[in-house]
Amino acid sequence: MAQSTVGGDLGRAGRPAPGLRTRLTLSYVLLFAIVMASIGFTFHQALVVIVHQQAERLLDGEWSALKGFLRSRDAELVWAYDPEHPEEAFTVEQLRRVFLLTTADGEVVEMSNGYSSIGRESVQTIRSVLQSGRTATVKRRGARGEVYMVRMGPYGGGGKTYFAAIGMKAGETERIPSRMLAVYAVSMPVMLLAIGILGWYASGRALSPLHRVAAAAQTVSGGNLSLRLERLGTGDELDELIQTFNGMMERLEANFEQMRRFSMDASHELRTPLTAIRGQLEVAQLTARTTDDFRRAIAMALEDVERLGRIVQSLLQLAQAEAGQIRLNLEPEMLAEVAARQMARFEALAESKRLSLELEASDGCVALVDRLQMERLMDNLLSNAVKYTQEGGRVAVRIRREDNEAVIEVADNGPGIAAQHLPHIFDKFYRVREGEKTASRGVGLGLAFVHWIARAHGGRVTVESKPGKGSTFRVRLPAHPEKSGEARAG
Ligand code: ADP
């Protein structure tokens, strides 16, 4: 069957629904913003700690140097160094740049200009530092906002305790964390924009198969049911969606095809007897001379009218059955008894064709069935077997239980059915036409009924057949657990 395929073109031509695409993109951007902000914050905090530790180490060095150069002499603290020695002179000059030395009462012994610019310490601070007996490191801001790290602590000399503080201007390193934060804050919107663009593109690509399915579904009509979408081959959910869509189209196409064939077959079936009736009446009109001629023509026409009536009635019933309008009145029945009753109806016909009609039934095979429909099922299978089997043949009905199933078999040694017809044998109006005698022509709806009845009872019907050897129709129904004695008899 010819199939048209909608490939990537359709996907490229249209755009996926903007709502979902926008939402996906915004989710990407939001997620990235959260991740980037937390990375930035953690990184900043780690840098602050590292820089602070580095400053502390530098201050440690300065504090030890202080101890080397500020010594007590004659109950006083003096700077002891060799002014001629350039390194010593430089170190002491560095130490005294931001330096404060007070007595325990806060009286200034020495204060550099550098220190006065960051404000001298209050007496309370001096007292509390001296009381703690330990050095402390604090941050101070200069007049122009520059940051100083100040190490302060008790300083013993000449039998007295002084308060000493040395400061160090925070260098470039101290500003690294805030610089990093600033760079991060500026670059984040740019990165988020880039991620947004990428996300927009990626979600557009990811959603395009959805759009293809939607666009294809919109174009579906009775005329192009052969439409299939090209698989992505990724095996993901979207690929599965396409596969599901294709599966749906296949079923729709099959159903449409079945309907089309059915209406063609139905009109053909109805037209044939109508044409025959018309022909018979026209011939009678032109050629009949006597009352007997007219009677014969009317009798022939009536035969076809009856056939028409049978077809219409069967069609109506089948349509009702398939539309779920036939309600089953389920009761436990002994299948062997139903079979025996139906077989009795065919005895005369079988006898006239010298057919042997046998029933083999195991005891107590009970199923929950609608008696009328089950009689109709057996009737259709038996009438086919008796009708198609040649004179002197054999028709056997076997009823047995297999596990949880009740099995009804109608077997004959008639002409059999060729393999190519077997898949269609239960379709409406399907008939194996070869060599069929007009007299045995059926409507072609019998097996369609059998199929529907078996399914309506939760069972199924199958056929095994070999041309020249015979056919076996097998109906399997869910067996009823009730014992034979309790089932309704007769
Ligand atoms: P029909 O009214 O033509 O019998 P069915 O639906 O009952 O319609 O059967 C469909 C076709 O299956 C028949 O036309 C016949 O060719 C074939 N068929 C059914 N039962 C038998 C059988 N027991 N032996 C051979 N052919 C059969």
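Here we summarise the structure given alongside this text.

Reading guide: rules and limits
Residues numbered from 1 in each chain as written. Predicted model: local features only at pLDDT ≥ 70, side-chain atom pairs only at ≥ 80, totals over all residues. Heavy atoms only, no water. Helix = DSSP H or I, 4+ residues; strand = E, 2+ residues; numbered from the N terminus. Rg over C-alpha atoms; globule rule 2.2 N^0.38 Å. Buried < 20%, exposed > 50% of the residue type's maximum accessible area, 1.4 Å probe, protein only. Contact = heavy atoms within 4.5 Å. Lys, Arg positive; Asp, Glu negative; His and termini not counted. Charge placed at Lys NZ, Arg CZ, Asp CG, Glu CD. Pairing = 2+ DSSP bridges. Axes fitted to C-alpha atoms, helices over the stretch in contact; angles between N-to-C directions. Core = buried A, V, L, I, M, F, W, Y, C linked by side-chain atoms within 4.5 Å.

**Comments concerning the overall build of the chain**
Then, number 1: Of the regular secondary structure elements, the chain holds 11 helices and 16 strands.
Then, number 2: Expected size for 490 residues packed as a compact globule is a radius of gyration near 23 Å; at 52 Å, the chain overshoots this value by more than 25%.
Then, number 3: In terms of overall dimensions, the chain has a C-alpha envelope of 165 × 60 × 35 Å along the principal axes.
Then, number 4: Sorting the 490 residues of the chain into buried and exposed places 37% on the buried side.
Then, number 5: Look at the contacts in the chain between residues 6 or more apart in sequence, and 65% of them connect residues 24 or more apart.
Then, number 6: The distance from the centre of the 61 positive side-chain charges to the centre of the 58 negative ones in the chain is 3 Å.

**Regarding unusual backbone geometry**
Then, number 1: Notably, Arg354 is not glycine yet its phi reads approximately 55 degrees, a positive angle.
Then, number 2: Not every positive phi belongs to a glycine, and Phe429 is a case in point at roughly 65 degrees.
Then, number 3: For Phe429, a relative accessible area of 1% gives the class buried.

**Notes on the sheet that holds strand S6 (residues 136-141)**
Then, number 1: Spatially, the 5 strands line up as an open sheet ordered S5-S4-S8-S7-S6, and their pairing is antiparallel. Lying at the two open borders of the sheet, with one neighbouring strand each, are strand S5 (108-111) and S6. Taken pair by pair, the neighbouring strands of this sheet meet at an average axis angle of 20 degrees, ignoring direction.
Then, number 2: Two strands pair when backbone bridges link them, and strand S4 (residues 99-102) and S5 are joined in this way by 3 bridges, in the antiparallel orientation. Its bridge partner lying in S5, Thr102 is registered against Val108.

**Section: the nonpolar core**
Then, number 1: In this structure, Leu335, Met374, Leu377, Leu381, Ile408 and Val475 are the most contacted members of the largest nonpolar core, which totals 39 residues.
Then, number 2: Where this core is concerned, the elements lending two or more residues are helix H9 (335-352), strand S12 (366-370), helix H10 (371-388), strand S13 (394-402), strand S14 (405-412), helix H11 (446-456), strand S15 (460-466) and strand S16 (470-478).
Then, number 3: With 7 residues, the top contributor of residues to this core is H10.
Then, number 4: Those residues in contact with Leu335, other than ones at most four positions away along the chain, are Cys365, Ala367, Val369, Met374, Met378, Ile399, Ala406 and Ile408.

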